[in-house]
Amino acid sequence: MSLKNLIKEKNQAYRLRCQFRGQPEYAQYNDRFHALKSQVRFAIVDEKRKFFQRNRDAGEVIWRELGKLLRKRKQTKEPTMEPDVLNAHFAAQGLHGNEHTSPAVPSGGDSINPLLCRFEEITEDVVSFQLQKMAKRKKSAGPCGVPAKILGGISMCLTKPLTCMINASLKSGVYPAIFKNADVVAIPKQANARQPDDYRPISLACNLSKVFEKVVQNQLVTVLKRNNILSDKQSGFRKGHSCETLLLKVSERLRKAMDKGQVTAVCLLDLKKAFDSVSHAKLIEKLRMIGIEDNTLCMNEKKCKLMYICSEAKNSQPSPAVMINGHQMDVEQSVKYLGVYFDRNLKWGVHYDHVLRKVNYGIAMINRAKDGLDLPQRRSLYHACVQPHLDYGSV
């Protein structure tokens, strides 16, 4: 009997069991229901085992099905607002207190951005490499409607015209208008999203524009490194740096200060819609001068955190008040920074509890999916669901 028919019989036995509850026939239908329930459970395990054995060499198929088994069962978050309302809200986000007019081009044919003269013409090999690399990743089609895999498959036809377009753009300083289009998807931040601020806009850009962006990024990073412009304290978006390197620097400075009997005030600031609030004109000026400008950014007082770190002997000392935009910050006993919980005495107990909850949840998910998996597959599942929580921040 197939699994589908077995489930139907079990459901029918359950209905009869409920129908004859309290009657002499109840015991018979109850025994049959539990027998069928046990058969269904073993049949499901057997089907899982057959599936994983059949696809043991197809890693993508296995992980896709494991993702369904491990997915958290949460309420589906569907957008409930009109698209026009969300579009008007998102379009207005970057206009609060910022001037977005582009700076005028200096006379005499000088470039807005002096780095522009340092851009080198790219070769077709560079573009071809980026197209092939992009084709191996799952990327949305974007407004052009062409998936990344298709672009990788026809890269031989695209490489030459795309190379000419990128080189012409780098030479003229004009970004192709078609690459500025994007499909904006509104993702609810919470289950019951009622206000426009409860949605997060995700822009799905054209895949060809991502090749252009990667080429420009590589050349800009090369110039910044060559001229030693990036600060040693800059850890984000740099090769050889990570959240863990920054966490190590911060925690070591806090520990040394505590050993000296000092009290350290840790203030974690949250910039409200920081990306949308950056002035385009000032950003262009910053790129032109490679200098730091005073961009207009708004603090999100509700998400800013304040904590004083000291030895236990100094816990009873009064702490000075800190104000942000007239709002007095509450002093926290622990704060989350880059995924690690710091407490005021650097005891790490709060972080240990957090890691323990994550690990226990990962083990529970493995138990749900372990049926039908052989030992190497279970080990891979452990490395994916449990070990990252143990390794992160363990320096």
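The model shown is predicted, which means the values in this text are computed figures rather than measured ones.

1. Brief notes about a positive patch on the surface
Point 1. A cluster of basic side chains, namely K133, R137, K139, K225 and K239, defines a positive patch on the protein surface.
Point 2. With respect to the helices, strands and loops of the structure, R137 is situated in the loop between α5 (124-135) and α6 (148-153).
Point 3. On the accessibility criterion, R137 (46% relative accessible area) is partly exposed.

2. Some remarks on a nonpolar patch on the surface
Point 1. The grouping of V185, I187 and I202 at the surface amounts to a nonpolar patch, some 200 Å² of accessible area in total.
Point 2. With respect to the element layout, I202 can be found in strand β2 (residues 199-205).
Point 3. Among the residues examined, I202 registers a relative accessible area of 34% and is labelled partly exposed.

3. Quick look at the side chain of Q130
Point 1. With respect to the helices and strands, the residue Q130 is situated in helix α5.
Point 2. Assessed through its relative accessible area of 10%, Q130 is described here as buried.
Point 3. What Q130 contacts, discounting residues up to four positions off in sequence, is V211, K214 and N218.

4. Points about the pattern of salt bridges
Point 1. Per the stated rule, a full pass over the model turns up 5 salt bridges.
Point 2. Among the salt bridges present, the one from E252 reaches R255, with a minimum N-O distance of 2.5 Å. Here the residue E252 and the residue R255 both occupy positions in helix α9 (residues 243-259), the gap between them amounting to 3 residues, near one helical turn.
Point 3. Its relative accessible area of 29% is what places E252 among the partly exposed residues.
Point 4. Accessibility expressed as a relative area gives 37% for R255, which makes it partly exposed.
Point 5. One salt bridge connects K347 with E312, and the closest N-O pair in it is separated by 4.0 Å. Of this pair, K347 sits in the loop between β10 (340-343) and α12 (349-369) while E312 sits in the loop between β6 (305-309) and β7 (323-324); the two residues are 35 residues apart in sequence, bridging distant segments of the chain.
Point 6. Among the residues examined, E312 registers a relative accessible area of 52% and is labelled exposed.
Point 7. Here the salt bridges do not stand alone but share partners, grouping E252, R255 and D259 into one network.

5. Points about the packing of aromatic side chains
Point 1. What the rule picks out here adds up to 7 aromatic pairs.
Point 2. Arranged with centres 5.0 Å apart and planes meeting at 20°, the rings of F20 and Y29 form a pair that is stacked.
Point 3. Residues F179 and F212 carry aromatic rings whose centres are separated by 6.4 Å and whose planes lie at 80° to one another, so their mutual orientation is edge-to-face. Highlighted residues: F179 in the loop between α7 (155-172) and β1 (182-188) and F212 in helix α8 (residues 207-226), separated in sequence by 33 residues.
Point 4. For F179, a relative accessible area of 8% puts it in the buried group.
Point 5. Through pairs of rings, three or more aromatic residues link up here, namely Y175, F179 and F212.
Point 6. One cation-aromatic arrangement involves R41 over F42; the distance from NZ or CZ to the ring centre is 5.6 Å.

6. Section: the confidence of the model for the protein
Point 1. Here the protein averages 79 in pLDDT, and 85% of its residues register 70 or above.
Point 2. Every residue in residues 96-117 is under pLDDT 50, and counting partners more than four places away or in other chains gives 32 contacts.
Point 3. Below pLDDT 50 for its whole length, residues 291-297 participates in 16 contacts with residues either more than four positions away or in separate chains.

7. Here's the deal with the pairing of β10
Point 1. Both strand β9 (residues 334-337) and β10 contribute to a ladder of 4 bridges, which runs antiparallel. Across the sheet, residue K336 finds its bridge partner in β10, namely Y341.
Point 2. Counted between consecutive antiparallel strands, the loop separating β9 from β10 contains 2 residues, among which L338 sits at a positive phi close to 55°.

Calculation rules
- Residues numbered from 1 in each chain as written.
- Predicted model: local features only at pLDDT ≥ 70, side-chain atom pairs only at ≥ 80, totals over all residues.
- Heavy atoms only, no water.
- Patch = residues over 30% accessible without salt bridge, like charges linked within 9 Å, V, L, I, M, F, W, Y side chains within 5 Å.
- Areas by Shrake-Rupley, 256 points an atom, 1.4 Å probe, with all protein chains shown as cover.
- Salt bridge = Lys/Arg side-chain N within 4 Å of Asp/Glu carboxyl O.
- Lys, Arg positive; Asp, Glu negative; His and termini not counted.
- Charge placed at Lys NZ, Arg CZ, Asp CG, Glu CD.
- Helix = DSSP H or I, 4+ residues; strand = E, 2+ residues; numbered from the N terminus.
- Buried < 20%, exposed > 50% of the residue type's maximum accessible area, 1.4 Å probe, protein only.
- Contact = heavy atoms within 4.5 Å.
- Phe/Tyr/Trp six-rings, centres within 6.5 Å; stacked < 30°, edge-to-face > 60°.
- Lys NZ or Arg CZ within 6 Å of the ring centre and 35° of its normal.
- pLDDT = per-residue confidence, 0-100.
- Pairing = 2+ DSSP bridges.

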